[in-house]
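# Tertiary structure, described
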Amino acid sequence: AALSYLPTSNLLSASGVVLVERNLYLAVALIGLGDTTAAAPLVRRARATMPDERIALRAQFLLDLARGDRPGALAVADSARRRYPWEQSWYVSYLQ
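Residues numbered from 1 in each chain as written. Predicted model: local features only at pLDDT ≥ 70, side-chain atom pairs only at ≥ 80, totals over all residues. Heavy atoms only, no water.

### Some remarks on the overall build of the chain
Regarding its fold elements, the chain presents 5 helices and 0 strands. Reading the chain from its N end, one meets helices and strands in the order α-α-α-α-α. Counting all 96 residues of the chain, 38% fall into the buried class. Pairs at least 24 residues apart make up 45% of the contacts formed inside the chain by residues separated by at least 6 positions. Surface accessibility of the chain: about 5700 Å² in total, with carbon and sulfur atoms responsible for 56%. (Helix = DSSP H or I, 4+ residues; strand = E, 2+ residues; numbered from the N terminus. Buried < 20%, exposed > 50% of the residue type's maximum accessible area, 1.4 Å probe, protein only. Contact = heavy atoms within 4.5 Å. Areas by Shrake-Rupley, 256 points an atom, 1.4 Å probe, with all protein chains shown as cover.)

Dropping the structure here:
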């Protein structure tokens, strides 16, 4: 539960984006702990709300890798590299 209170980039936003972003930090932590079942709905909600945000793409990528969906992870990495070319090395490091 404490992980859900990790800082976000903008605590003053009145939109639900802050909550979605905070939940993404929780999702990434859950993926790291091996709990992809709990992380999946958080990632799905984030991708629906902010589909091209860096953290949403990274979370989807990590979820796909953790679930053994390498083709899905590669597709997300390809989309992210087109949108954020300077992040290519981050994705490559996880694909090795």
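### Comments concerning the environment of Tyr91
As for its position among the elements, Tyr91 is in helix 5 (residues 88-95). Residue classification places Tyr91 among the buried residues on the basis of a relative accessible area of 0%. Separated by 29 residues in sequence, Tyr91 and Leu62 have C-alpha atoms that sit 9.4 Å apart. The contacts of Tyr91, once residues within four sequence positions are left out, are Arg54, Leu57, Arg58, Phe61, Ala77, Ala80 and Arg81.

### A closer look at the pattern of salt bridges
Enumeration according to the criterion identifies 3 salt bridges in this entry. Taken together, the shared-partner salt bridges in this structure form one network comprising Arg54, Arg58 and Glu87. (Salt bridge = Lys/Arg side-chain N within 4 Å of Asp/Glu carboxyl O.)

### A closer look at the packing of aromatic side chains
Per the stated rule, a full pass over the model turns up 6 aromatic pairs. An angle of 80° between the planes, with centres 6.3 Å apart, marks the rings of Phe61 and Tyr94 as edge-to-face. Taken together, the positions of Phe61 in helix 3 (residues 54-66) and Tyr94 in helix 5 put the pair 33 residues apart, joining distant regions of the chain. Classification of Phe61 by relative accessible area gives buried; the value is 0%. Take Tyr94: its relative accessible area is 41%, and that puts it in the partly exposed class. Their ring planes at 75° and their centres at 5.6 Å tell us that Tyr84 and Trp86 sit as a pair that is edge-to-face. (Phe/Tyr/Trp six-rings, centres within 6.5 Å; stacked < 30°, edge-to-face > 60°.)

### Regarding the environment of Glu53
Examined against the element boundaries, Glu53 turns out to sit in the loop between helix 2 (36-49) and helix 3. The class of Glu53 is partly exposed, set by a relative accessible area of 41%. Each C-alpha atom of the pair Glu53 and Tyr84 lies 9.7 Å from the other, and the pair is 31 residues apart in sequence.

### Concerning the nonpolar core
In this structure, Leu24, Ala39, Val43, Leu57, Phe61, Leu63 and Tyr91 are the most contacted members of the largest nonpolar core, which totals 25 residues. Of all the secondary structure elements, the ones that give two or more residues to this core are helix 1 (17-32), helix 2, helix 3, helix 4 (70-83) and helix 5. The element best represented in this core is helix 3, accounting for 6 residues. Discounting chain neighbours no more than four positions away, the residues touching Leu57 are Arg47, Pro51, Asp52, Val76, Ala80, Tyr84 and Tyr91. (Core = buried A, V, L, I, M, F, W, Y, C linked by side-chain atoms within 4.5 Å.)

Any functional reading would require information beyond the geometric quantities listed.
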